[in-house]
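# Understanding the architecture of this molecule
What follows is the residue order along each chain.
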Amino acid sequence: MMDGGLPPWSLVIHGGSGGMTRETLDADTQAACRTGLTEALAAGAAVLGSGGMAIDAVEAAVRILEDDPNFNAGRGAVFTADGSIELDAAIMAAGRAGAVAATTRTRHPVSLARAVMESSPHVLLGGAGADAFALEHGLEQVDPEYFRTPARWQALQAMRASAAAGGPLFDKALKFGTVGAVARDRAGGLAAATSTGGLTAKRWGRIGDSPLIGAGTWADGAVAISATGSGEDFIRAAAGHEISARMRHLGESAAAATAAVLATIRAGGGDGGIIFMGAESSGWRFTTPGMFRGCVTASQKPAVAIFADEG
């Protein structure tokens, strides 16, 4: 049992932040997303509840969301400008980290990121190299068509039509469902994982904050974070590491440090959300109309939410 009356273990997840409201998100989609979040919480809770490690719990939770076509990670990822799908992921615990960018055939990029952490001397592998590493290490491979969904393809066609009419091809405000998880286990260990397909119509091999350690993903002895939103703004803020630094050097709580970093990002024109897990508290903060999110602890039943007016 952790000190301070905390539950023995805790898990927080997200499925992305963005402009979702009750008016823009139909009832069926809301229900499907809540079901997906609940299933991810159950997967992570099964690990933690049996005495498992935080890193196993965040991987288990994210794998569920990577298989859910309602979120922008794995199956259901968005398309690049040229009509392909490139997947990014990262995982971190106890100062160890692994990440992949622009991988194209691994069913669960978060598991590939963990393999990089545990079975290579490197932290981040990208593109063809990441795909080759996945094959060498026996990660489950799928045809790229597995990741494709009609809704994401239609979103790309809409952006192409907008560009043809003189509008922008790329719009950082259109963010769909990057996924992530943070956990604290019975031993007090912290871990974080994030997985994404990036932004619709991204070009030139663009890589956002999700696979960048210290930006969209971070876990040390004080705090674990997973971010979602306008990735370039989170990179410039070194969001994950900055939260930890504020806690260490300014004595801020995880919640206060997260709020401060999001305020800085918003002042620079960015938006998004962060889930955090500290030694004494956990939760989320976001600056968008909605954020797919959920939490569960040893003493609290699973709870999921989407809109800002929910708990």
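Scoring rules and cut-offs
Residues numbered from 1 in each chain as written. Predicted model: local features only at pLDDT ≥ 70, side-chain atom pairs only at ≥ 80, totals over all residues. Heavy atoms only, no water. Axes fitted to C-alpha atoms, helices over the stretch in contact; angles between N-to-C directions. Helix = DSSP H or I, 4+ residues; strand = E, 2+ residues; numbered from the N terminus. Parallel < 35°, antiparallel > 145°, perpendicular 65-115°, else oblique. Contact = heavy atoms within 4.5 Å. Nonpolar A, V, L, I, M, F, W, Y, C, P; charged D, E, K, R; others polar. Polar contact = N/O pair within 3.5 Å; in protein donor to acceptor, adjacent residues only side chain to side chain. Buried < 20%, exposed > 50% of the residue type's maximum accessible area, 1.4 Å probe, protein only. Pairing = 2+ DSSP bridges. Expected span 1.5 Å × (residues − 1). Phe/Tyr/Trp six-rings, centres within 6.5 Å; stacked < 30°, edge-to-face > 60°. Lys NZ or Arg CZ within 6 Å of the ring centre and 35° of its normal.

### Overview of the packing of helix 3 (residues 109-119) against helix 4 (residues 127-136)
When two helices pack together, their arrangement is captured by the angle between the axes and the distance separating the axes. Here helix 3 crosses helix 4 at 80°, and the two axes come no closer than 10 Å. By the angle class used here, helix 3 and helix 4 are roughly perpendicular. Contacts between helix 3 and helix 4 involve Leu-112, Ala-115, Val-116 and Ser-119 from the first element and Ala-130, Phe-133 and Ala-134 from the second. A per-class count over the contact of helix 3 with helix 4 returns six nonpolar, one polar and no charged.

### Section: the environment of Thr-297
Within the secondary structure layout, Thr-297 lies in strand 11 (residues 290-297). In the structure, Thr-297 is positioned 112 residues away from Asp-185 in sequence and 9.9 Å away in space, judged by C-alpha atoms. What Thr-297 contacts, discounting residues up to four positions off in sequence, is Pro-7, Trp-9 and Ser-10. Polar side-chain contacts of Thr-297 include one of 2.9 Å to the backbone nitrogen of Gln-300.

### Focus on the pairing of strand 9 (residues 272-278)
Counting buried positions along strand 9 yields seven of seven residues, so the element is predominantly enclosed. In strand 9, alternate side chains face the same way, and those of Gly-272, Ile-274, Phe-276 and Gly-278 on one face and Gly-273, Ile-275 and Met-277 on the other are all buried. The pairing of strand 8 (residues 223-229) with strand 9 spans seven bridges and is classified as antiparallel. If you follow Ile-225 over to strand 9, its bridge partner there is Phe-276. Taken together, the five bridges between strand 9 and strand 10 (residues 282-286) define a ladder with antiparallel strand orientation. Residue pairing in the sheet places Phe-276 in a bridge with Gly-283 of strand 10. Hairpin geometry of strand 9 and strand 10 is characterised by an intervening segment of three residues between the two adjacent antiparallel strands.

### Considerations on helix 7 (residues 239-250)
The α-helix winds at 3.6 residues per turn, so residues separated by three or four positions along the chain end up facing the same way. An ideal rise of 1.5 Å per residue puts 16 Å on 12 residues; helix 7 measures up with 16 Å between its terminal C-alpha atoms. In this structure, the buried residues of helix 7 make contact with strand 7 (217-219), strand 8, helix 6 (231-236), helix 8 (254-267) and strand 9.

### Let's talk about the packing of aromatic side chains
Scanning the entire structure with this criterion turns up three aromatic pairs. Relative to Trp-153, the ring of Phe-79 has its centre 5.0 Å away and its plane inclined at 75°; by these criteria the two rings are edge-to-face. Taken together, the residues span a long stretch of sequence, with Phe-79 in the loop between helix 2 (54-66) and strand 2 (87-93) and Trp-153 in helix 5 (residues 150-164) at a distance of 74 residues. Taking the relative accessible area as the measure of exposure, Phe-79 reaches 2% and is therefore buried. Centroid distance Tyr-146 to Phe-147: 5.4 Å. Interplanar angle 75°. Geometry classified as edge-to-face. Among the residues examined, Tyr-146 registers a relative accessible area of 24% and is labelled partly exposed. Exposure remark for Phe-147: the relative accessible area of 0% places this residue in the buried category. Here the guanidinium or amino end of Arg-148 rests over the ring plane of Trp-153, the centre of that ring lying 4.3 Å away.

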